Amino acid sequence: YPTVPLRMLGRDQEAIANLRRAIALDSGRAFAPFALSQELMITGSVGEVPHWISHLNEHAYPEAASEIKVMLLLMNHKYDEAADALRASNGLAGPDQINATLRKQARLAAERGNFREAIDLLNRAIAADNSQSNPDQHAATILDKSYLEYKLNDFQGCIDDARSRFALSSSPEILLA
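Residues numbered from 1 in each chain as written. Predicted model: local features only at pLDDT ≥ 70, side-chain atom pairs only at ≥ 80, totals over all residues. Heavy atoms only, no water.

**Q** Please clarify how the overall build of the protein should be interpreted in this entry.
**A** When helices and strands are counted, the protein shows 11 helices and 0 strands. Secondary structure elements of the protein, listed N to C terminal, follow the sequence α-α-α-α-α-α-α-α-α-α-α. Across the 177 residues that make up the protein, the buried fraction comes to 40%. Carbon and sulfur atoms make up 54% of the accessible area of the protein, which totals about 9900 Å². (Helix = DSSP H or I, 4+ residues; strand = E, 2+ residues; numbered from the N terminus. Buried < 20%, exposed > 50% of the residue type's maximum accessible area, 1.4 Å probe, protein only. Areas by Shrake-Rupley, 256 points an atom, 1.4 Å probe, with all protein chains shown as cover.)

Structural data, given as structure tokens:
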């Protein structure tokens, strides 16, 4: 789908039209309704998004529906409901998505000033990383935790985690993450 290039060119309405056409061609897949929901939120046309959340659920894509729902709740400053939806999505997530869900929960907790809760969630994500042998994701999670330790003036924890993170990978892409 040319959604991203069209968006980058400021041609959002054309991107929306292309996504609607893709849905008309095959409404049973997740990508086009998911991307359409995102595009609608970007353009401020959020009234239609709940329809696409329902559509994704009806077509057996509860993870995608949950992700869009969380985005919509965050846009509407409904942080408690977003946190509840993220917690509920843990049950939907496959093993490879558990870390991403925990990191989103941690970011939301941190945004709300709950740094200790965020660190606890990141520790759970780190444990999930260890069981899945995903060094890049593991490194990113450790860096998130290091930043929160800095915010809590736990400078030794921050330094220790930063060193641990850089020991995992010294690739330029990871160093710049």
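**Q** Honestly, the nonpolar core in this entry has me stumped. Any pointers?
**A** A general tendency of soluble globular proteins is for nonpolar side chains to be buried together. With 19 residues, the main nonpolar core has L36, L40, V49, I53, L56 and I68 as its most contacted residues. Those elements that provide at least two residues to this core are α2 (12-25), α3 (31-42), α4 (49-58) and α5 (62-75). With 6 residues, α3 is the single largest residue contributor to this core. Leaving out residues up to four positions away in the same chain, I68 has contacts with F34, S37, Q38, M41, V49, I53 and L56. Formed by 10 residues, the second largest nonpolar core is a distinct cluster that contains I119, L121, L122 and A125. (Core = buried A, V, L, I, M, F, W, Y, C linked by side-chain atoms within 4.5 Å. Contact = heavy atoms within 4.5 Å.)

**Q** How do you make sense of α3 when you look at a structure like this?
**A** Residue pairs spaced three or four apart in an α-helix point in one direction, given the helix's 3.6 residues per turn. Between its first and last C-alpha, α3 extends 16 Å over 12 residues, near the 16 Å set by a 1.5 Å rise per residue. With 9 of 12 residues buried, α3 lies mostly within the body of the structure. Tucked inside the fold, the buried residues of α3 contact α1 (3-8), α2, α4 and α5. Phi turns positive one or two residues past the end of α3, at G44, with a value near 85 degrees. (Expected span 1.5 Å × (residues − 1).)

**Q** Can you walk me through α4 in this structure?
**A** Here α4 has its buried residues at V49, W52, I53, H55 and L56. For α4, the angular spread of buried residues about the axis comes to 160 degrees, placing them on one side. The secondary structure elements touched by the buried residues of α4 are α2, α3 and α5. Following α4 by one or two positions, A60 adopts a phi angle in the positive range, close to 65 degrees. (Arc of directions from axis to C-beta.)

**Q** Explanation requested: the packing of helix α9 (residues 135-151) against helix α10 (residues 155-168) in the structure shown.
**A** To describe two helices that pack against each other, one gives the angle between their axes and the distance between the axes. As a packed pair, α9 and α10 sit with axes 8 Å apart at the nearest point and diverge in direction by 165 degrees. Between α9 and α10, the interaxial angle falls into the category roughly antiparallel. Considering how the two elements wind past one another, α9 and α10 form a crossing that is left-handed. Together, P135, H138, A139, I142, L143, K145, S146, E149 and Y150 of α9 and F155, G157, C158, D161, A162, S164, R165 and L168 of α10 make up the contact between the two elements. Residue composition of the contact of α9 with α10, grouped by class: 9 nonpolar, 4 polar and 4 charged. (Axes fitted to C-alpha atoms, helices over the stretch in contact; angles between N-to-C directions. Parallel < 35°, antiparallel > 145°, perpendicular 65-115°, else oblique. Left-handed = near helix turned anticlockwise from the far one by under 90°. Nonpolar A, V, L, I, M, F, W, Y, C, P; charged D, E, K, R; others polar.)

**Q** Help me out: how do you make sense of the pattern of salt bridges in this one?
**A** Where charged atoms of side chains with opposite charge meet at close range, the side chains can pair. The final tally for this structure, using the stated rule, is 11 salt bridges. For D26, the salt bridge identified is with R29, shortest N-O distance 2.8 Å. With a shortest N-O distance of 2.1 Å, R112 and D80 are connected by a salt bridge. Residue R112 is found in the loop between α7 (95-111) and α8 (115-132), and its partner D80 is found in helix α6 (residues 79-89); the two are separated by 32 residues along the sequence. Several salt bridges share partner residues, and in doing so they unite R103, R107 and D144 into one network. (Salt bridge = Lys/Arg side-chain N within 4 Å of Asp/Glu carboxyl O.)

**Q** I tried to follow the environment of N57 on my own but got confused; where do I start?
**A** Mapped onto the elements, N57 comes out in helix α4. Counting along the chain gives 27 residues from N57 to A30, while the straight-line C-alpha distance between them is 9.7 Å. Discounting residues that sit within four places of it in the chain, N57 has contacts with P62 and A65.

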